[in-house]
Amino acid sequence: MEKSALQIARAAYQPKLPKGLQGNVSVKEGAPTQSVADQEEIKKLFPNTYGMPLIEFVPGEAKTYAPFNVGVILSGGQAPGGHNVICGLFDGIKRLNPESKLYGFILGPGGLVDHNYMELTADIIDQYRNTGGFDMIGSGRTKLEKEDQFEKGLEIIKELGIKAVVIIGGDDSNTNACVLAEYYAAKKCGVQVIGCPKTIDGDLKNDQIETSFGFDTACKTYSEVIGNIQRDANSARKYWHFIKLMGRSASHIALECALQCQPNVCIVSEEVEAKNQTLDDIVTYIAQAVANRAADGNHFGVVLVPEGLIEFIPAMKALIAELNDLLATPEGAAVAKDEQREWILGKLSAANKAVYESLPVGVAAQLTMERDPHGNVQVSLIETEKLLSEMVATKLEQWKKEGKFSGKFAALHHFFGYEGRCAAPSNYDADYCYALGTSAAMLIANDKTGYMAIVKNTTAPAAEWVAGGVPITMMMNMEKRNGEMKPVIKKALVRLDGAPFKEFAAHRDQWARETCFVYPGPIQYFGPSEVCDQPTKTLQLEQAK
Ligand code: FBP
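Residues numbered from 1 in each chain as written. Predicted model: local features only at pLDDT ≥ 70, side-chain atom pairs only at ≥ 80, totals over all residues. Heavy atoms only, no water.

Section: the overall build of the protein chain
When you go through the protein chain residue by residue, the secondary structure sums to 24 helices and 15 strands. Whereas a compact globule of 545 residues would reach a radius of gyration of roughly 24 Å, the protein chain reaches 25 Å, a difference of no more than 12%. Taking the principal axes of the C-alpha coordinates as reference, the protein chain spans close to 80 × 60 × 45 Å. For the protein chain, buried positions account for 57% of its 545 residues. Taking the intrachain contacts of the protein chain between residues at least 6 apart in sequence as the baseline, contacts between residues at least 24 apart amount to 77%. Accessible area for the protein chain stands at about 22,500 Å²; split by element, carbon and sulfur atoms hold 51% of it. (Helix = DSSP H or I, 4+ residues; strand = E, 2+ residues; numbered from the N terminus. Rg over C-alpha atoms; globule rule 2.2 N^0.38 Å. Buried < 20%, exposed > 50% of the residue type's maximum accessible area, 1.4 Å probe, protein only. Contact = heavy atoms within 4.5 Å. Areas by Shrake-Rupley, 256 points an atom, 1.4 Å probe, with all protein chains shown as cover.)

Regarding the sheet that holds strand β8 (residues 240–245)
If you trace the four strands from one edge of the open sheet to the other, you get β9-β10-β8-β11, paired in parallel fashion. Strands at the two margins of the open sheet, each flanked by one partner only, are β9 (265–266) and β11 (411–416). Bridge analysis of β9 against strand β10 (residues 301–306) gives two bridges, and the strand direction is parallel. Looking across to β10, one finds that V265 is bridged to V303. (Pairing = 2+ DSSP bridges.)

Details of the site of the ligand
Taken together, 13 residues form the shell around the ligand, and within it G77, D201, E307, Y418 and R421 come nearest. One of the side-chain nitrogen or oxygen atoms of K198 is found 3.1 Å away from an oxygen atom of the ligand. Residue E307 places a side-chain N or O atom 2.8 Å away from an oxygen atom belonging to the ligand. Protein chains shield 76% of the accessible area of the ligand, which is 490 Å² for the free molecule. (Near = heavy atom within 4 Å. Polar contact = N/O pair within 3.5 Å; in protein donor to acceptor, adjacent residues only side chain to side chain.)

Section: the packing of aromatic side chains
Counted by the stated rule, this structure contains 10 aromatic pairs. Note on F242 and F409: the rings are 6.2 Å apart at their centroids and 85° apart in plane angle, and the pair reads as edge-to-face. Of the two residues, F242 is situated in strand β8 and F409 in the loop between α19 (384–401) and β11; the sequence distance between them amounts to 167 residues. In this structure an aromatic cluster arises from ring pairing among Y103, F105 and Y117. In this structure, R10 is placed above the aromatic ring of Y13, and the distance from its NZ or CZ to the ring centre is 4.3 Å. Note that K244 overlies the ring of F415, its terminal NZ or CZ placed 4.5 Å from the centroid. (Phe/Tyr/Trp six-rings, centres within 6.5 Å; stacked < 30°, edge-to-face > 60°. Lys NZ or Arg CZ within 6 Å of the ring centre and 35° of its normal.)

Quick word on the sheet that holds strand β5 (residues 117–119)
Spatially, β1-β2-β13-β12-β7-β6-β3-β4-β5 is the arrangement adopted by the nine strands of the open sheet, whose pairing is mixed. If you trace the sheet from one side to the other, it starts and ends with β1 (25–32) and β5, each paired once. Adjacent strand axes in the sheet meet at a mean angle of 25° when their direction is disregarded. Relative to strand β12 (residues 451–456), strand β7 (residues 192–197) runs parallel, the two sharing two bridges. Within β12, the residue paired with G195 across the bridge is M452. Its contacts with the sheet put helix α21 (residues 427–445) on β1, β2 (53–59), β3 (69–74), β6 (162–169), β7, β12 and β13 (466–471), and the angle it makes with β12 is roughly 135°. (Axes fitted to C-alpha atoms, helices over the stretch in contact; angles between N-to-C directions.)

Concerning the packing of helix α14 (residues 314–328) against helix α16 (residues 337–347)
How two helices sit against one another is set out by the angle between their axes and by the gap between those axes. At a closest axis distance of 11 Å, the pairing of α14 and α16 adopts a crossing angle of 115°. Classed by the angle they form, the pair α14 and α16 counts as roughly perpendicular. In this structure, α14 meets α16 at a crossing whose hand is right-handed. Each of E322, L323, L326 and L327 in α14 lies in contact with α16, whose residues at this interface are Q340, W343, I344 and K347. Residue composition of the contact of α14 with α16, grouped by class: five nonpolar, one polar and two charged. (Parallel < 35°, antiparallel > 145°, perpendicular 65-115°, else oblique. Left-handed = near helix turned anticlockwise from the far one by under 90°. Nonpolar A, V, L, I, M, F, W, Y, C, P; charged D, E, K, R; others polar.)

Notes on the pattern of salt bridges
Overall, the coordinates contain 25 salt bridges when judged by the stated rule. Between E151 and K187 there is a salt bridge whose closest N-O contact spans 2.6 Å. On the criterion of sequence distance, the pair formed by E151 in helix α7 (residues 147–159) and K187 in the loop between α8 (171–186) and β7 is long-range, its members being 36 residues apart. Across the pair R248 and E311 runs a salt bridge, and its minimum N-O distance is 3.6 Å. Taken together, the residues R248 in the loop between β8 and α10 (252–261) and E311 in helix α13 (residues 309–312) connect sequence positions 63 residues apart. Overall, R248 belongs to the partly exposed group, its relative accessible area being 40%. Sharing partners across several salt bridges, the network here consists of K16, D431 and D533. (Salt bridge = Lys/Arg side-chain N within 4 Å of Asp/Glu carboxyl O.)

Structural notes on the environment of I253
Mapped onto the secondary structure, I253 falls in helix α10. Separated by 33 residues in the primary sequence, I253 and K220 place their C-alpha atoms 9.7 Å from one another.

Structural notes on unusual backbone geometry
In this model, N276 sits at a positive phi of 55°, which is unusual for a non-glycine residue. Relative to the elements of secondary structure, N276 occurs in the loop between α11 (269–274) and α12 (279–295). Using a relative accessible area of 51% as the deciding quantity, one classes N276 as exposed.

Here's the deal with helix α17 (residues 350–358)
Given 3.6 residues to a turn, an α-helix orients residues that are three or four positions apart in the same direction. Among the residues making up α17, those that are buried are N352, V355 and Y356. Down the axis of α17, the smallest arc covering the buried residues is 100°, so these residues share one side. (Arc of directions from axis to C-beta.)

Thoughts on the side chain of S173
One can find S173 in helix α8. Within the structure, S173 has its side chain in polar contact with the side chain of S75 (distance 2.8 Å). In contact with S173, other than residues within four places in its own chain, are S75 and I167.

Structure representation (structure tokens):
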């Protein structure tokens, strides 16, 4: 495999480890824990893994360990640093006993069920140190939730003599990891399950998890390009750039990029929902920013739009729900494409019909086009950035006729998502992930199951980070999923009373009117610590004491 000069140099980077993981490791146990809500139900559902203590790793005495085998799975969307979790896990188990083995299940949880695996030897591991992507073993979105899957998995686990499975995933994958841990514990299979917090979306965080890995690198990658676009906008002075940013549901990515780049506008879905805003409210807000800047002679700007916005606009949510139901009926499924719009208009309730008719025809068609396997609209396929800019253009035309706007408005569109998910991990993610993998190895060696590896205090220098484990049941509550109450890890949306949003809200009026752009530049892997090791603004603001 041919490598770039940076890849070669970067392979030699030795991720920094917290003091507690650097030498011999001891376990410091905290008090028993409780789930964040619905304690009685969660306890009943997880009798073997509920209430376990928090774990912290501290420097300790030398201990000998018999060799043990571990299986690892990458689950869901790619996130920078996944390979370093595996490298930390590999180095961790080999450090405890060089005879220990690591197996990678191929293409996600499906690899466990289908017995598709490979042994990860030092040669393989060394090729992937500090690299982005999940291509070492691939990833997949198969949900591990059924008993027959657990049993199929157990067959290969037994065959390979695996002591523990590490599942690297987001909130849903870690919820499933907990269910699997409980299942194997209840059956006394002698198989441990450990989770690791992954997702660029940044929505797997709580009192115990400071951030999910990948968020740092992905946001820095998007911010570099947004900064470049801002500089282009400020040079040509003739375009408004509408940039949609990945993040299935929460707006953490858009908010972090706004804090890093100071664009003119950033929409935060959680605020839209909290204020019960309509699409027209959002369009009016952006159009007003365009008009204000035009009055100052500035016919350019940058607007950030979170990917999940559509589902947070209450009126759109209601429309989508009714469309889902209509299109799921036999009549809805059979209607010809060229007759669909008329059919839908004839069936929708008056309120939803008005919303549907207010949308540009192309966007309205996107709402009815693609359904996922559960029958839902795939919101990521809706070009929200185009929807907004088209509606802003229409509004400005109207204002022009009314004499309220005399400027120019030309829009360009971008969507940044996949560009950032496999970037080479920043020092933060490289170190954080390596420490998470090492923690997972130590949790396994200490016979823990149903835990997620964690690393805290990550705004301090890496040596002062605190590694350990949190019982997954501690982060759970009951939520309605597909009509049924289920135990799940609570998803973290942007908090409007949180420091990152407050910081943004305190400055946005100035950023909207003036040109306050910041150009973060590319991620730096070598150089002074203040350039290379900075955590995200979100984390810095959240952790500021
Ligand atoms: P995870 O939650 O699995 O980490 O994936 C997040 C994500 O990158 C979202 O931001 C995005 O909406 C989605 O995956 C895209 O999914 P796919 O990779 O299947 O296109």
